[in-house]
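Examining the three-dimensional arrangement
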Amino acid sequence: MTARTSPGAARIPAAAPPMTGTTPGQAAAAAGRPAAAAAAAARAALDRATGHLLSLQHPAGWWQGELQTNVTMDAEDLLLREFLGVRTAGQTAAAARWI
């Protein structure tokens, strides 16, 4: 890399020539990085994850699992029911026991 100078100015390092017509993966490969190996590993991980999710899918096309939540969602549900005017004493008592 050479440096450019202008009259009365400090030396400014020359910029590297831009790489045109290359993708980031091609640029990484040109720089000697194992982009192809990383891409293959990412594809393998994606294929394993996809296979696992598809193995859990019901034949009709849906998934079912345990809903994990915290008390914030229960409190928001009570607030919404109160706002809509549909909250009952039984729902409030059940939510209060859970919360």
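Residues numbered from 1 in each chain as written. Predicted model: local features only at pLDDT ≥ 70, side-chain atom pairs only at ≥ 80, totals over all residues. Heavy atoms only, no water.

Attention shifts here to the confidence of the model for the chain. On average, residues of the chain score 78 in pLDDT, and 67% of them reach the 70 mark or higher. The weakest mean pLDDT in the chain belongs to strand E1 (residues 3-4) at 44; the strongest belongs to helix H2 (residues 35-56) at 92. For the stretch residues 1-6, pLDDT sits under 50, and the model shows 13 contacts to residues farther than four places along the chain or on other chains. (pLDDT = per-residue confidence, 0-100. Helix = DSSP H or I, 4+ residues; strand = E, 2+ residues; numbered from the N terminus. Contact = heavy atoms within 4.5 Å.)

Should their charged atoms come close, side chains of opposite charge can pair. Counted according to the given criterion, the structure contains 3 salt bridges. Notably, a salt bridge pairs Asp47 with Arg43, separated by 3.2 Å at the nearest N-O pair. Linking Asp47 with Arg43, this pair stays in helix H2, spanning 4 residues, or about one helical turn. A salt bridge links Glu82 to Arg87; its shortest N-O distance comes to 2.6 Å. For Glu82, a relative accessible area of 44% puts it in the partly exposed group. (Salt bridge = Lys/Arg side-chain N within 4 Å of Asp/Glu carboxyl O. Buried < 20%, exposed > 50% of the residue type's maximum accessible area, 1.4 Å probe, protein only.)

The next point concerns helix H3 (residues 71-84). Given a rise of 1.5 Å per residue, 14 residues ought to cover 20 Å, and the 20 Å separating the end C-alpha atoms of H3 matches this to within 8%. The opening residue of H3, the one whose side-chain oxygen lies 2.9 Å from the backbone nitrogen of Thr72, is Asn70. Where H3 terminates, the next one or two residues include Gly85, which has phi positive at roughly 80°. (Expected span 1.5 Å × (residues − 1). Polar contact = N/O pair within 3.5 Å; in protein donor to acceptor, adjacent residues only side chain to side chain.)

Axis separation between H3 and helix H4 (residues 89-98) bottoms out at 10 Å; the angle between their running directions is 160°. When the interaxial angle is binned, H3 and H4 end up roughly antiparallel. For the pair H3 and H4, the crossing hand works out as left-handed. Listed contacts from H4 to Val71, Asp74, Leu78 and Arg81 of H3 are Gln91, Thr92, Ala95 and Trp98. Of the residues contributing to the contact of H3 with H4, the split by class is 4 nonpolar, 2 polar and 2 charged. (Axes fitted to C-alpha atoms, helices over the stretch in contact; angles between N-to-C directions. Parallel < 35°, antiparallel > 145°, perpendicular 65-115°, else oblique. Left-handed = near helix turned anticlockwise from the far one by under 90°. Nonpolar A, V, L, I, M, F, W, Y, C, P; charged D, E, K, R; others polar.)

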